[in-house]
Amino acid sequence: MIKFFRKIRQKMLKENKFSKYLLYAIGEIVLVVIGILIALQIGQWNKESEIKELELTILKEIKSNLNDDLIQMQGDISLMQIMDTACVNLKNAINTKIQLTEDFSDNASLLRVMPHYQPNKSGYDLLVSKGISIISNDSLRNSISTHYENLYTYYSRYEEERFMFHINISEPKLLEYFSFEFDLDNTYYWQANISVEDYGKMLEDESFAKVLKAIESENKQVLSRAIRVANSIEKQLNFLNNEIQAIE
């Protein structure tokens, strides 16, 4: 098209038709400008399309991560609920001073179990590396950021505090009376063994009852936080499902 205008321009110059040449010259300039604008717009569309595709990829990866996280968290919650029941059973046995039973040892085995939550953050890490603003939905962006930066961070601290309590307080007290044996056949891999003589001493040890109560409280605290995390994961998944469907 540009070559066509150039040929007309040359012909008009030869024929000394300046006014018509000027008109076609302006038309040629307009055509070039339009072409540049169209090219720029196409480039912008392609860039926006790439960004939207990247956003969709990241959202799907975060969704996959959170699905795995939810399964793991629900498992931890179930375990902590079982631990809570074990603490209640042990307290009842100590308060009533019943004879030593196999159930007592089974419940005591759970006192050494430390659920540890390790979320998969590959999708969120990718989001941070690309710039969190890539998520166009403000509410979703804020919700995801709060979930990973605040909720997961605080839950990790709760687990760390429980672990330190276990190392410094509960473990030394448990080892005064129990010997713990690693057992693959046991559901939670530990078997707590205690002699009849040590059991009798333990029943008279008020400090053991206090530590047991503290173990129960620590577990309840982390359990409560874990339920909040699980609820937040479900919220993020619903949010993500809606946004992914809207983009697709």
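Residues numbered from 1 in each chain as written. Predicted model: local features only at pLDDT ≥ 70, side-chain atom pairs only at ≥ 80, totals over all residues. Heavy atoms only, no water.

Enquirer: How would you summarise the overall build of the protein chain if you had to cite specific residues and measurements?
Expert: Check the secondary structure of the protein chain and you find 7 helices and 2 strands. For the protein chain, restricting intrachain contacts to residue pairs at least 6 apart in sequence, the fraction spanning at least 24 positions comes to 81%. (Helix = DSSP H or I, 4+ residues; strand = E, 2+ residues; numbered from the N terminus. Contact = heavy atoms within 4.5 Å.)

Enquirer: Tell me about the side chain of Glu159, residues and numbers included.
Expert: Along the chain, Glu159 falls in helix H5 (residues 138–175). Summary of buried charges: Glu159 has no salt-bridge partner, and the nearest side chain of opposite charge, Arg162, is 4.2 Å away. Among the polar contacts listed, one links the side chain of Glu159 to the backbone nitrogen of Tyr117, at a separation of 3.0 Å. With near-sequence residues (within four places) excluded, Glu159 lies in contact with Pro115, His116, Tyr117 and Val222. (Buried < 20%, exposed > 50% of the residue type's maximum accessible area, 1.4 Å probe, protein only. Lys, Arg positive; Asp, Glu negative; His and termini not counted. Salt bridge = Lys/Arg side-chain N within 4 Å of Asp/Glu carboxyl O. Polar contact = N/O pair within 3.5 Å; in protein donor to acceptor, adjacent residues only side chain to side chain.)

Enquirer: Residues and numbers for the packing of aromatic side chains, please.
Expert: Evaluated as defined, the whole model comprises 11 aromatic pairs. Here Phe104 and Phe178 contribute two aromatic rings whose centre-to-centre distance is 6.3 Å and whose plane-to-plane angle is 20°, an arrangement assigned as stacked. Residue Phe104 is found in helix H3 (residues 102–109), and its partner Phe178 is found in the loop between H5 and strand E1 (179–182); the two are separated by 74 residues along the sequence. The exposure classification of Phe104 matches that of Phe178, with both residues buried. Judged by centre distance (6.4 Å) and plane angle (40°), the rings of Phe178 and Phe208 are tilted. Placement of the pair is Phe178 in the loop between H5 and E1 and Phe208 in helix H7 (residues 206–247), with a sequence separation of 30 residues. (Phe/Tyr/Trp six-rings, centres within 6.5 Å; stacked < 30°, edge-to-face > 60°.)

Enquirer: Account for the environment of Val88, with residues named and values stated.
Expert: Within the element layout of this structure, Val88 appears in helix H2 (residues 18–96). Once the C-alpha coordinates of Val88 and Asn107 are considered, the two residues, 19 residues apart in sequence, prove to be 9.3 Å apart.

Enquirer: Can you break down the pattern of salt bridges residue by residue, with the values?
Expert: Here the structure, examined in full by the defined rule, presents 10 salt bridges. Put simply, Glu171 and Arg112 hold a salt bridge, and the shortest N to O gap is 2.6 Å. Of this pair, Glu171 sits in helix H5 while Arg112 sits in the loop between H3 and helix H4 (122–130), and the two are 59 residues apart along the sequence. The exposure class assigned to Arg112 is partly exposed, which follows from its relative accessible area of 22%. Among the charged side chains, a salt-bridge network with shared partners connects Lys173, Glu176 and Asp205.

Enquirer: Hey, could you go over the packing of H5 against H7 for me, with residue numbers and the actual values?
Expert: Where H5 meets H7, the axes come as close as 10 Å, and the angle between the chain directions of the two elements is 160°. Comparing the axis directions of H5 and H7 gives the class roughly antiparallel. Crossing of H5 against H7: the hand is left-handed. Among the residues forming the contact of H5 with H7, the class breakdown is 20 nonpolar, 9 polar and 9 charged. (Axes fitted to C-alpha atoms, helices over the stretch in contact; angles between N-to-C directions. Parallel < 35°, antiparallel > 145°, perpendicular 65-115°, else oblique. Left-handed = near helix turned anticlockwise from the far one by under 90°. Nonpolar A, V, L, I, M, F, W, Y, C, P; charged D, E, K, R; others polar.)

Enquirer: So what's going on with the confidence of the model for the protein chain? Which residues, and what values?
Expert: Averaged over all residues, the pLDDT of the protein chain equals 87, while 85% of them reach at least 70. Across the protein chain, the element-wise mean pLDDT spans from 54 in helix H1 (residues 2–14) up to 96 in H7. (pLDDT = per-residue confidence, 0-100.)

Enquirer: Break down the side chain of Ser232 for me, citing the residues and quoting the values.
Expert: With respect to the helices and strands, Ser232 occurs in helix H7. By relative accessible area, which is 13% here, Ser232 ends up buried. Ignoring sequence-local partners within four residues, the contact set of Ser232 consists of His147 and Leu151.

Enquirer: Help me get a handle on the nonpolar core, residues and values and all.
Expert: In summary, soluble globular proteins display a tendency toward joint burial of nonpolar side chains. Counting residues in each nonpolar core, the largest one holds 34 residues, and the members touching the most others are Ile62, Leu66, Met73, Leu127, Ile144, Tyr155 and Ile233. When contributions to this core are tallied by element, the ones reaching two or more residues are H2, H4, H5 and H7. If you tally residues by element for this core, the top one is H2, at 12 residues. In this view, Leu66 contacts His147, Tyr148, Tyr152, Ile233, Gln236, Leu237 and Leu240; residues no more than four positions away in its chain are not counted. In terms of nonpolar packing, the next biggest core, distinct from the first, is built from 21 residues, Ala93, Leu111, Phe180 and Tyr199 among them. (Core = buried A, V, L, I, M, F, W, Y, C linked by side-chain atoms within 4.5 Å.)

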